[in-house]
Amino acid sequence: MTALTPAVRLRQSALLRAARSPKGALTGLWLLGLILVAVFAPLLTSYRYDVQNLPGAFAPPSAEHWLGTDEFGRDLLTRMMYGARTSLSVSAIAIAISVAAGMVLGATAGYFGGRLDRAVTLVVDLTWSFPEILVALMLVAIIGPGVTGTMVAIAVAYLAQFTRLTRAQIMAIKSETYIEAARSLGASDAHIVFRHLIPNALAPVLVSAMLATGDAIILEATLGFFGLGAQPPTPSWGGMMSSGTAQLFNAPWIILFPGLAVATTVIAINLFGDALIRALDIRSRLRVA
Amino acid sequence: MLGYTLRRLVLLIPVFLAVSIVIFAIIHLIPGDPVDSLLRVGSGPEQRAIITARYGLDRPLYVQYAIWLGNLLSGDLGTAIVARRPVAELVLQALPPSLILSGLALLFSTVLGIALGVVAALNRDRLADQIIMGGVLLGSTLPSFWLGLLLILAFAVQLQWFPVSGARGWSSVVLPVLTIGLGGMALVARVTRVAMIEAAQRDFVLLLHAKGMPPLRIQLRHVLRHALIPVVTILALRIGWVLGGAVTVEVVFARPGLGSLLIKALNQHDYPVVQAALLMLAMAVMLGTLLGDILQAAMDPRVRAALQ
Amino acid sequence: MTISFRNTILAGGVSLAALILAAPMAFAQDAIFVLQQDEVGVPTYNIIATGNTNIGARLIYDTLTVQDADQSYHPGLASSWVEAADGMSWEFTLKTGVTFHNGVSFNATTAAAWLAFYAATDNAYMTASIAGIEAVGESTLRLTMNYPDPNLLYNLSSSFMGVVEPGAYVALGDDYGVTEAVGTGPYRLESFTIGSETVLARNADYTWGSSLAGNKGPAAIATITLREIPEASTAFLELKTGGVDMLLGVPTDFLGQLAQEPAITTIILPGQEVVYMPFNVTKAPLDDIRVRQAAALAVNQQEILASVYGGVGLVANQFLISALPESQVAPEYLISYDPVQAAALLDAAGWVAGADGMRAKDGVPLSISLWTQSDSVFRRLTEVIQAEFAAVGIASDITTFDSSMIRDQYKTGEQQAAVRSYYWNNADIVDWFFGGDRLGYPNISMFNDPAAEMLRVKAMSGSATGAERITNFTAYHEYILSQFVMAPIYQPVQSIAYNHDRLVLPAEIHGTRIGAATILDMTVSE
């Protein structure tokens, strides 16, 4: 059959529709810009993020350093651009892993039902009942600080959400007539799950993933703030804020700008996600329980 | 009602067991010998023998778990590695400040969230609505530790209205509560607003309008009561969120409590304390959720019926 | 369930207002001090057996002798002393009328019992020169020596040799110093929360202050709370907003700002500290002396002094504080920044620089892991050193440990390099940190060298006079420097900041640091 199921085509035009609303356009542009900055950071700045210039430490924002310098004399704007790479990629990859694993688990549980469903739900609900920061801390306690630990921690923290969402979608769809038709035509379980159920469940899950990325960025920043994220000299927004607390009084810009970056990014993600939900008209499908 | 409560309590037990198994497993998942997680670094062989015997580390895993669980239920949470005191003592010391902070934060975020949600709903799609919902979104997307630091800078350092850190006196609780509450009220405000709008479209409201009741009174006395039902539903979820927020806030404001106990213990690799603190927090979340569910059932007969 | 919306708001508002208006009560004769960074994380007030201590110990216990800033010794619990001409015996006359916090009387017998405890602990070296202890009558303590000890008075004045009540020490066992601590000092231990807070209450019976104090007792301040605040900025903010009364150690970053605060006075006392980086000589690549030397030469002491410490203090080019005569080593032993030499040494050792400047040998990158404690100034310094290492081609990663854990971590011997400091104003610190029988901690360098051991024994127990001791220790010190077992970095001064609207300090600070003498003369003005 054709690869472009109705669901997929709907999604692609929805992105454009979302972008047409003023809220969607602004935030969409902002996010696109952010991603471009993160990707092309080395081309956009001539400063190095890891070379220290101690005599120039704690310089307030100026023409030379638009956002000032940190405690080692490094240009803050440069550190933030590279930090965008860390924060965005860690969060995005972690959520991607979480979505992939969650969709597989949720589809399996939703499709086969019965004891498998109950088992998966019980295990997944274990994390569901904990606040994400606690789950993350528990995992970092085991794995240790650093980028790997943070990614695993975030992936596990959001696993429940995607599993449950997928499961709810699957359970709603699996009794549809076209699924019955496929089965009567002799389609295998795997074929049904991967070719029909999952693509149709994709829309709400992907939008939910996008919104979760916003939360993940905050979680990554929080872990970085506790010193458990990327280790020096690798910049991350949370890590920058962590070392900035020591300079809260004499150089507040060190903590101000990364925090603003996190806040604006997450707001942009939320607003764009909102616009996307409206364009796709799937608000009702985002209910999870 | 009593039946429902008992049934929910009973349902709590398997969840508690599952959570306790995960927490118990932490010291076995960490690379290295579990004995090392329970001892001061560089302890001698006699110390290792004592700990091995006490936790049954040379026995099969399920026996170890049984010993651990048994100790737990009789109040023995082990001995802290750094402080060299019974963990139960440390946890009991840390519990009240955390509960006070979380309770006040929950109260604040609920009251403020409902208030803002109501005002937004009453002014639906007008300027007040946009401003409120925008402000609420801002509050929820700021990282809580950043918000906390900004509040310290503004209100504790510049204006000197409140202390910078610590837990001395009631004024020290204001900024921490604000930090958690401003983030937490977003969901409450949004749900209240939506619930108010939906409830206002119900038939009985039309009837009240027809009877000539003043519109504000209708909203505040009747619509709100119905709108609060979904709010209470999410309250149960909020408890977990507030406790999580308390962890960060306790660190930023250097307040004693379960959160700072946990973070400190993680930094110190003091695993008996880590396990106990995680368990306490998990139980608080579970009990809070239970309380929320019971509250919801008390308010909404349909929920009680659904579980029959 | 009708909820009266307005009433709820009103109730909430009133409670909130009440919260805001209820200010914390400030008690009159109470003071809150914040401990300096290297005294944070002390696990016990059992000073006999422990390796680190804080000002609380100097208030709970008295020492037999006290040292003044000019290195002279004065009566503490011992009112006078006589050393035999050949240095093989000492006689101390003890003060009378002194009692411990639990009522037991301090006399020659209790003093003798206390002194004997050290032999079984890590601090045994402090009494190693003593062969026999004899209580003669009520107030005379006679010591017969194994060898002449020019350093005896120094040891007897140290924080680790406060007099502990022997009965309590034996009775409490491992709990001694944690749940209870019994001394003769101007303050008694009320409560102790490890890593957080110590509360001390005035000893009302105290009348035997040392000669360095104007007020011989009891102290004017009724309660002293010692708080351990790991974040320097939090401590600074607390002082600024009146939450604490004195910072016993002020990071140099904040000195400028504190100068602008109307209510704060800052005191600078001569430094007694050295910030340095020990190398683990048993772990590759630092087992190669050329690599150690290169790493030591990569540290830019001048730039660190100027940028990390704002120019306050001195650079360190050897292991001791500059005030000690044993620090005056021959110029060829001094260690200072020389990146060219460092590069040459690494090339000679076979570590070839790649295109990115980082070095490797046989495919193995040159990498040294840096350990430090989780304090903001140390972390910053360690990051600077990381960058300075990178400049000569050494890759490094940073691991921070909580200050209460880090000494135990060193005992594992897993470290490669550590960034830390010590506070001590005596040359025997070389023996403490590099003695072959103390591997792990305090001998973080895991250094055990026969030549060093010979020089060590000669310096510690083979010096008959003070002058001889200086010569022997200088020789030992020079040898240690030549082995590049550590890189010297910086010598801080002691900076103390206090709220002069709350605390009144004596005009002149006696002793080498803020201690019992100063606090006895301190009052709270209110």
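Parameters at a glance
Counting of residues starts from 1 at the beginning of each chain's written sequence and follows it residue by residue. Whichever chain is written first is A, and whichever ligand is written first is 1; the rest continue in order. Local features are withheld for residues below a pLDDT of 70 in this predicted model, meaning they are given only at 70 or higher, and side-chain atom pairs are given and counted only at 80 or more; totals for whole chains, interfaces and linings count all residues. As a convention, hydrogens and water are excluded, and side-chain values are obtained from all of the structure's heavy atoms. The way it works is that DSSP assigns letters per residue, a run of H or I at least four long becomes a helix, a run of E at least two long becomes a strand, and they are numbered from the N terminus. Under the scheme applied here, a residue whose accessible area is under 20% of the maximum for its type counts as buried, over 50% as exposed, and between as partly exposed, the area being computed with a 1.4 Å probe on protein chains only. Residue contacts are counted whenever heavy atoms from the two residues lie within 4.5 Å of one another. Put simply, buried area is how much 1.4 Å-probe accessible surface two parts lose in total, over both of them, once they are put together. We count a salt bridge whenever a side-chain nitrogen from Lys or Arg sits within 4 Å of a carboxyl oxygen from Asp or Glu. As used in this structure description, the phrase polar contact means that two N or O atoms lie within 3.5 Å; if the pair is within protein, one of them must be able to donate a hydrogen and the other to accept it, and residues adjacent in sequence are counted only when both atoms belong to side chains. Amino acids are sorted into nonpolar (Ala, Val, Leu, Ile, Met, Phe, Trp, Tyr, Cys and Pro), charged (Asp, Glu, Lys and Arg) and polar (every other residue, Gly among them). Here the term cavity refers to a set of points on a 1 Å grid, laid over the protein atoms alone, in which a 1.4 Å probe fits but cannot get out; the term pocket refers to an open set having protein on both sides within 12 Å along at least five of seven lines, with lining residues being those that place an atom within 4 Å of a point. Grid points are joined across faces, edges and corners, and a volume is the space filled by probe spheres set on the points. At least two bridges found by DSSP between two strands are what make those strands a pair. The pLDDT score gives, residue by residue, the confidence of the prediction method on a 0 to 100 scale. In this analysis, rings of Phe, Tyr and Trp, with Trp reduced to its six-membered ring, are considered paired at centre separations within 6.5 Å, and the interplanar angle assigns stacked below 30 degrees, edge-to-face beyond 60, and tilted for intermediate values. Any Lys NZ or Arg CZ found within 6 Å of a ring centre and within 35 degrees of that ring's normal is scored as a charge over the ring.

Caption draft 1: A look at unusual backbone geometry. Of note, the amide linkage connecting A284 of chain C to P285 of chain C takes the cis form, showing an omega dihedral of -5°. The residue after Y441 of chain C, namely P442 of chain C, is reached through a cis peptide bond having omega 10°. With respect to the helices and strands, P442 of chain C occurs in the loop between α13 (429-434) and α14 (450-461). Of note, the phi angle at F58 of chain A is positive, near 60°, even though the residue is not glycine. Residue placement: F58 of chain A occurs in the loop between α3 (41-44) and α4 (76-112). You will see that D125 of chain B, though not glycine, has its phi angle at about 65°, which is positive. In this fold, D125 of chain B is placed in the loop between α5 (87-122) and α6 (127-141). Residue classification places D125 of chain B among the exposed positions, given a relative accessible area of 56%.

Caption draft 2: Molecular detail of the interface of chain B and chain A. Contacts between chain B and chain A engage 34 residues on the former and 30 residues on the latter. Roughly 2,900 Å² is buried in total at the junction of chain B and chain A, and carbon and sulfur atoms are behind 87% of that figure. Sorting the residues of chain B by area buried against chain A places T141, F145 and W146 of chain B first, and these three jointly supply 22% of that buried surface. At the boundary of chain B with chain A, the tally comes to zero salt bridges. Our count for the contact surface shared by chain B and chain A stands at one residue pair in polar contact (both at pLDDT 80 or more). Its residues placed into classes, the side of chain B that touches chain A shows 29 nonpolar, five polar and no charged.

Caption draft 3: Spotlight on empty space enclosed by the protein. All names here are of chain C. Counted by the stated rule, this structure contains ten cavities of 30 Å³ or more. Approximately 920 Å³ is the volume attributed to the largest cavity. Taken together, 50 residues line the largest cavity, and the ones lying closest to its centre are R58, S157, S158, S159 and R513. Per element, the largest residue contribution to the lining of the largest cavity is four residues, and it comes from strand β20 (residues 417-423). Here the lining of the largest cavity is composed, by residue class, of 22 nonpolar, 20 polar and eight charged. Size it by volume and the second largest cavity reaches roughly 460 Å³. Around the second largest cavity, the lining comprises 29 residues; the ones closest to its centre are Q37, G249, V250, P251 and E273. Every element with two or more residues in the lining of the second largest cavity is listed here: α6 (232-240), β13 (273-278), α11 (376-391) and β22 (494-499).

Caption draft 4: Spotlight on the sheet that holds strand β17 (residues 364-365) of chain C. Residues and elements named next belong to chain C. What the three strands build is an open sheet, ordered β15-β16-β17; its pairing is antiparallel. A strand with exactly one partner marks an edge of an open sheet, and here the two such strands are β15 (352-353) and β17. Pairing of strand β16 (residues 359-361) with β17, which is carried by two bridges, proceeds in the antiparallel orientation. The partner of K361 across the bridge, within β17, is V364.

Caption draft 5: Representation of the confidence of the model for chain A within the structure. Put simply, chain A has an average pLDDT of 82, and 91% of its residues get 70 or more. Confidence, read as mean pLDDT per element, is least for helix α1 (residues 6-20) of chain A in chain A (62) and greatest for α4 of chain A (90).

Caption draft 6: Quick look at the packing of aromatic side chains. Residues and elements named next belong to chain C. Taken as a whole and assessed by the stated rule, the structure comprises 31 aromatic pairs over all chains. For the ring pair W371 and F401, a centre distance of 4.8 Å and an interplane angle of 65° mean the geometry is edge-to-face. Residue W371 is found in strand β18 (residues 367-373), and its partner F401 is found in strand β19 (residues 395-401); the two are separated by 30 residues along the sequence. By relative accessible area, W371 is classed as buried at 7%. These aromatic residues form a ring-pair network of at least three members: Y276, F319, Y422, F433 and F434. Here the guanidinium or amino end of R513 rests over the ring plane of Y423, the centre of that ring lying 3.7 Å away.

Caption draft 7: Inspection of the interface of chain C and chain B at higher detail. With 30 residues of chain C at the interface, the matching set in chain B holds 33 residues. If you look at where chain C meets chain B, you find zero salt bridges. Across the chain C-chain B interface, the total number found is zero residue pairs in polar contact (both at pLDDT 80 or more). Secondary structure elements with two or more residues in the side of chain C that touches chain B: α1 (5-21), β8 (187-193), α6 and α12 (406-410) of chain C. Of the residues belonging to the side of chain C that touches chain B, the class tally is 15 nonpolar, nine polar and six charged.

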